[in-house]
Amino acid sequence: MTRQIRKAAVLGAGVMGAAIAAHLANVGISVLLLDIVPNELLPDEAAKGLTLQSPAVRNRFAARGLQGAKKAKPAPFYSAADAELVQVGNIEDDLGKLADCDWVIEAVVENLAIKQQLFAKVEAVVKADAIVSSNTSGISIADMAKDRSPEFRSRFLGTHFFNPPRYMKLLELIPGPDTDTEVISFMQTFGARVLGKGVVMAKDTPNFIANRIGTYGLLVTLKAMKQHDLGVDEVDAITGPAMGRPKSATFRTLDLVGLDTFVHVAKNVQASVSEGWEKDAFAIPAYIEQMVANRWLGDKTGQGFFKKEKSTAGKEILALDLETLAYRPRKKVDSKALKAAKNAANVGKKMETLVYGDDVAAQFAWDVLKKALLYTAEKQDEIAGDIVAVDNAMKWGFNWKLGPYETWDAIGVRRSVERMRAEGETIPQFVEDLLASGHESFYEREKGESPRFFVGKNEFRGVDEPKEQINLARLKAAGKEVARNIEASLVDIGDGVLCLEFHSLKQAVTPGVIEMVNKAVDEVEANWQGLVIGNQDEYFCVGANILLMLMEAQQKHWENLDLAVNEFQQAMMRLKYSTKPVVAAPFNMTLGGGAEVCFPADRIQAAAETYMGLVEVGIGLIPGGGGNKEVLIRAVENVPGDVGERLDAFVRKVFETVGTAKVATSAKEARAMGFLRAADGISVNQDYQLHDAKQVVLGLARAGYQPQTSKRIPVLGESGAALLKVGVYQMKMSGYISDHDEVVARQLIRVLTGGDVARGTMVTEQYLLDLEREAFLSLIGEPKTQERMQYMLTTGKPLRN
């Protein structure tokens, strides 16, 4: 049979259930969101004359969950329109509707008996081939379904999403003892390709993989903190990026997750394990129990390990003293090891530098890391099929830069084990087997090849990677780099397609990048099928190099700036009118010049999590690489019939978008804002994005690609500009914008309306580029613009002057 999931149901409309429903809607699946029926009226319901039989009352919990998801930040939905795919109801009246669902996900309270009762009801109504799963964070999958029929159990498994489901990559799949292999295989593919997840197979053990190791690591951190007499703020300074962890580190992460959630997970493990040492390891300290009793749960209650308070200097973040349970000002950590680690070349070197340092911070980091690594290796066979699953679970579920075994390789397995032995630690047999086999690391990496990993005794196995995942670093190591300068490369990604990769700082548009853009067009037109523009760093492109521009402006090198802007514009025109297809593959931050690099492409294949916008007004400039022109073209494409008066509303929308530096918070929102066209694609799983973009290039080539042709663009002219200027003036007089904001807005209006011409004039692209460049150079010469640029470079925040 060929499975498809077109309609799903989520049972339980709490924060997690509603967020899962939202993400299913994000990828186009119709969702039925159900919850229990309230047993009493609220005062406002009674005031409206409603009764306990009224649908609005009976569906209250599900409706409230959906409304919460619509308002939540960060947004669970890609776009507001996606919420229309979610229908609410209740488990008593609407359970029969599950008969139409291809997948039913349980997300009710973490209570085994309640889940068992619910699954008995579900089995009575679902269709014979429907997949049923639980989003439990740690209750036994086998126990939940033990009283169900063999047919039900064959289609039942755990599908553990991490919160928030839209943003967290990890999806743990936990088969039960009777789960059909076809169901497992389908959910692996569906989870990765449709839901965009990093799928990890976990064994049916307490809290599975990520929460088991992550919670143990957090509790070890609490114990080490007390031993080394450190505060929560000092611990967070150590356990962040220097240890390959997120900036939120330990206690800020707990505040984000919620202390009650953490305690629940820890107690579930403690109740489920049998060995005394492990039960002790998952014991909750008394001060955390007290914090939970005080409702100091973190962000959700306004205070936890940290608390924001107003002071004379503005908002101040205070740290909790765990001895007195009183808040105090935060302390700074003075550690040579930590400073050295922060300056190390990469995350592996940072961790190695830190844990082998010789001060308190280094010893603390070693004690925490040592215990986490030993526990992981001790539990390896119990919780996962291989070390790759464990490493991926921690990277995707806890945002670690390196998984436990990758970390062990980074700090040196033999060196660290010798130190552990000297400190009286017992080394797990799995690690002893590795060293006894003569190997020094858990992974073996050959240039240009997929890594091989240790599976036990003297055996290594290759990492199973889908052929659709393109790895640029590996291709370059294998000699597939066609051209390179210090800021960009051309990489052969197969089938006659080149990839233009930026590797400048934050992938900013620089002279070296522009040089490689021109090289790419020359090379592709002569020898290749087409071009993909993309990379696999943290950002697609954050825009132009502000520092270089500011330095040129301060030194009044106007000719250099004029030349640089013109070269950027002309390079984008070369991309647009290349004789071979060009596809841009943006993701994450795609700002200013980054967006301008995408606009000329024949197609954009955006990652779902693409944050795109023309943000130059934030530093007192307007886009200078053709962004105004391209967004204007996209807008007027939608004008029906003759230009007439109808053009004004479309141009006004562009002016508002660019003039307020709006940034799309997803690829779908970028399409709604006019940055993406209807024909542009979206890759939900960024791991497949370069492959998807390459397929678009090849499709265009196979279809007999014809280059884009230049067309004249209708503009509003001076009369249309006057109307927009009136609105700007009114905003200034009302105090919404400053005098300099008005200066910037007027320059933007001049470009978008075509300058000193009559309404309806058809102008060329080059004409608009010249206006754009003239406006850009005028603004960058303004002292207030230079002040804004300097402030952004210094603080990372916009200045309103």
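As the structure is a computational prediction, the values presented were derived from the model and not from experiment.

*Asks:* Is there a simple way to explain the overall build of the protein chain in this structure?
*Replies:* Across its full length, the protein chain carries 34 helices and 25 strands. Relative to its length of 801 residues, the protein chain is compact, with a C-alpha radius of gyration of 29 Å against a globular reference of 28 Å. Projected onto the principal axes, the alpha-carbon positions of the protein chain cover approximately 80 × 70 × 65 Å. The buried share of the protein chain, taken over its 801 residues, is 54%. Contacts spanning at least 24 positions in sequence make up 68% of the contacts within the protein chain whose residues lie at least 6 apart. Carbon and sulfur atoms provide 51% of the accessible area of the protein chain, an area that totals close to 34400 Å². Side chains of the protein chain carry 95 positive and 103 negative charges; the gap between the two charge centres is 3 Å.

*Asks:* Would you take a moment to explain unusual backbone geometry for this structure?
*Replies:* Peptide bonds are mostly trans, and most non-glycine residues show a negative phi. The peptide bond linking lysine 73 to proline 74 adopts the cis configuration, its omega dihedral lying at -5°. The topology assignment puts proline 74 in the loop between helix 4 (60-71) and strand 3 (86-90). Look at the link from asparagine 163 to proline 164: it is a cis peptide, with omega at 0°. Looking at the element boundaries, proline 164 is found in the loop between strand 6 (156-161) and strand 7 (170-175). Residue glutamine 507 is not a glycine yet carries a positive backbone phi of 55°. Positionally, glutamine 507 belongs in the loop between strand 17 (497-502) and helix 23 (511-527). Relative accessible area serves as the criterion here: at 2%, glutamine 507 is assigned to the buried category.

*Asks:* Sorry if this is basic, but what is going on with the pattern of salt bridges here?
*Replies:* Side-chain pairs of opposite charge can arise where the charged atoms are in close proximity. For the structure on display, the rule yields 57 salt bridges. Across the pair glutamate 765 and lysine 629 runs a salt bridge whose closest N-O atoms are separated by 2.8 Å. Linking glutamate 765 in helix 33 (residues 765-780) with lysine 629 in helix 27 (residues 627-636), this pair joins segments that are 136 residues apart in sequence. Grouping residues by exposure puts glutamate 765 and lysine 629 together as buried. For glutamate 630, the salt bridge goes to arginine 634, with nearest N and O atoms at 3.2 Å.

*Asks:* I tried to follow the state of the cysteines on my own but got confused; where do I start?
*Replies:* Note on terminology: a disulfide is the covalent bond linking the sulfur atoms of two cysteines. Under the counting rule described, the total for this entry stands at 0 disulfides. Free of any disulfide, cysteine 541 has its nearest neighbouring cysteine sulfur in cysteine 598, separated by 8.1 Å. Given the relative accessible area of 0%, cysteine 541 is considered buried.

*Asks:* Would you mind going over the pairing of strand 7 with me for this structure?
*Replies:* The side chains of a regular strand alternate, residue by residue, between the two faces of the sheet. Judged by how many residues are buried, strand 7 sits mostly within the fold: 6 of 6 residues are covered. Burial along strand 7 is two-sided: the residues Leu170, Glu172 and Ile174 and Leu171, Leu173 and Pro175 are all buried. With 5 bridges connecting them, strand 6 and strand 7 associate as antiparallel partners. For glycine 158, the partnering residue across the bridge sits in strand 7 and is isoleucine 174. Of the strand pairs in this sheet, strand 7 and strand 8 (residues 198-201) are connected by 4 bridges, and their pairing is parallel. Paired with glutamate 172 across the two strands is valine 200, which belongs to strand 8. Regarding the hand of the β-α-β motif, the stretch spanning strand 7, helix 8 (residues 181-193) and strand 8 is right-handed.

*Asks:* Sorry, what's going on with a nonpolar patch on the surface here?
*Replies:* Taken together, the side chains of Leu547, Leu548, Met551 and Leu793 present a nonpolar region at the surface, about 330 Å² in accessible area. Here the element with the most residues in the nonpolar patch is helix 24 (residues 546-554); it accounts for 3 residues. Tracing the sequence through the fold places leucine 548 in helix 24. Residue classification places leucine 548 among the partly exposed residues on the basis of a relative accessible area of 40%.

*Asks:* Before we go on, may I ask you to explain empty space enclosed by the protein in this structure?
*Replies:* Rolled over the atoms, a probe sized like a water molecule indicates the empty space that remains. The tally for this structure, following the rule as stated, stands at 1 cavity of 30 Å³ or more. Of the volumes computed, that of the largest cavity is approximately 40 Å³. Lining the largest cavity, in full, are Gln569, Met572, Met573, Lys576, Pro600, Gly625, Gly626, Lys629, Glu630 and Leu769. Elements supplying a minimum of two residues to the lining of the largest cavity: helix 25 (558-576) and helix 27. Counting residues per element, the lining of the largest cavity draws most heavily on helix 25, which supplies 4 residues. Considering only residue class, the lining of the largest cavity consists of 4 nonpolar, 3 polar and 3 charged.

*Asks:* I would appreciate a short explanation of the packing of helix 28 (residues 647-659) against helix 31 (residues 717-733) in the present structure.
*Replies:* How two helices pack is summed up by the angle between their axes together with the distance between the axes. For the pair helix 28 and helix 31, the least separation of the axes is 11 Å and the interaxial angle reads 45°. As summarised for this structure, helix 28 and helix 31 are arranged oblique, according to the angle between their axes. Here helix 28 and helix 31 pass one another in a crossing that is right-handed. Counting all contacts with helix 28, which are made through Asp648, Val651, Arg652 and Phe655, the residues of helix 31 involved are Gly720, Leu723, Leu724 and Val728. Residues of the contact of helix 28 with helix 31, tallied by class, amount to 5 nonpolar, 1 polar and 2 charged.

*Asks:* Looking at this model, I keep getting lost on the side chain of serine 134. Mind explaining?
*Replies:* On the secondary structure map, serine 134 appears in strand 5 (residues 131-134). A polar contact is formed between the side chain of serine 134 and the backbone nitrogen of threonine 136, at a distance of 3.0 Å. What serine 134 contacts, discounting residues up to four positions off in sequence, is Glu106, Lys115, Phe119, Met144, Phe156, Leu157, Gly158, Thr159 and His160.

*Asks:* What am I meant to see in the sheet that holds strand 13 (residues 452-456) here?
*Replies:* The strands making up a sheet associate through backbone hydrogen bonding, with each pair oriented either parallel or antiparallel. With antiparallel pairing, the 3 strands of this open sheet are ordered in space as 12-13-14. Every interior strand has two partners, whereas the edge strands, strand 12 (443-444) and strand 14 (459-462), have only one. Packed on one face of the sheet, helix 21 (residues 429-436) meets strand 13 and strand 14 and runs near 120° to strand 13.

*Asks:* Mind showing me how you'd approach the sheet that holds strand 10 (residues 314-321) here?
*Replies:* Read across the open sheet, the 3 strands follow the order 9-10-11; overall the sheet is antiparallel. Looking at strand neighbours, the two that pair on one side only are strand 9 (306-311) and strand 11 (326-329), the edges of this open sheet. Mean inter-strand twist for the sheet, computed between neighbouring axes without regard to direction, equals 45°. Where strand 10 meets strand 11, 4 bridges bridge the pair, whose relative direction is antiparallel. What sits directly across from leucine 320, in strand 11, is tyrosine 327.

Conventions we followed
- Residues numbered from 1 in each chain as written.
- Predicted model: local features only at pLDDT ≥ 70, side-chain atom pairs only at ≥ 80, totals over all residues.
- Heavy atoms only, no water.
- Helix = DSSP H or I, 4+ residues; strand = E, 2+ residues; numbered from the N terminus.
- Rg over C-alpha atoms; globule rule 2.2 N^0.38 Å.
- Buried < 20%, exposed > 50% of the residue type's maximum accessible area, 1.4 Å probe, protein only.
- Contact = heavy atoms within 4.5 Å.
- Areas by Shrake-Rupley, 256 points an atom, 1.4 Å probe, with all protein chains shown as cover.
- Lys, Arg positive; Asp, Glu negative; His and termini not counted.
- Charge placed at Lys NZ, Arg CZ, Asp CG, Glu CD.
- Salt bridge = Lys/Arg side-chain N within 4 Å of Asp/Glu carboxyl O.
- Disulfide = S-S within 2.5 Å.
- Pairing = 2+ DSSP bridges.
- Right-handed = clockwise from strand over helix to strand, strands pointing away.
- Patch = residues over 30% accessible without salt bridge, like charges linked within 9 Å, V, L, I, M, F, W, Y side chains within 5 Å.
- 1 Å grid on protein atoms, 1.4 Å probe; cavity = no way out; pocket = protein on both sides within 12 Å on 5 of 7 lines; lining within 4 Å.
- Points joined across faces, edges and corners; volume = space filled by probe spheres on them.
- Nonpolar A, V, L, I, M, F, W, Y, C, P; charged D, E, K, R; others polar.
- Axes fitted to C-alpha atoms, helices over the stretch in contact; angles between N-to-C directions.
- Parallel < 35°, antiparallel > 145°, perpendicular 65-115°, else oblique.
- Left-handed = near helix turned anticlockwise from the far one by under 90°.
- Polar contact = N/O pair within 3.5 Å; in protein donor to acceptor, adjacent residues only side chain to side chain.

Worth remembering: the numbers are spatial, not functional.
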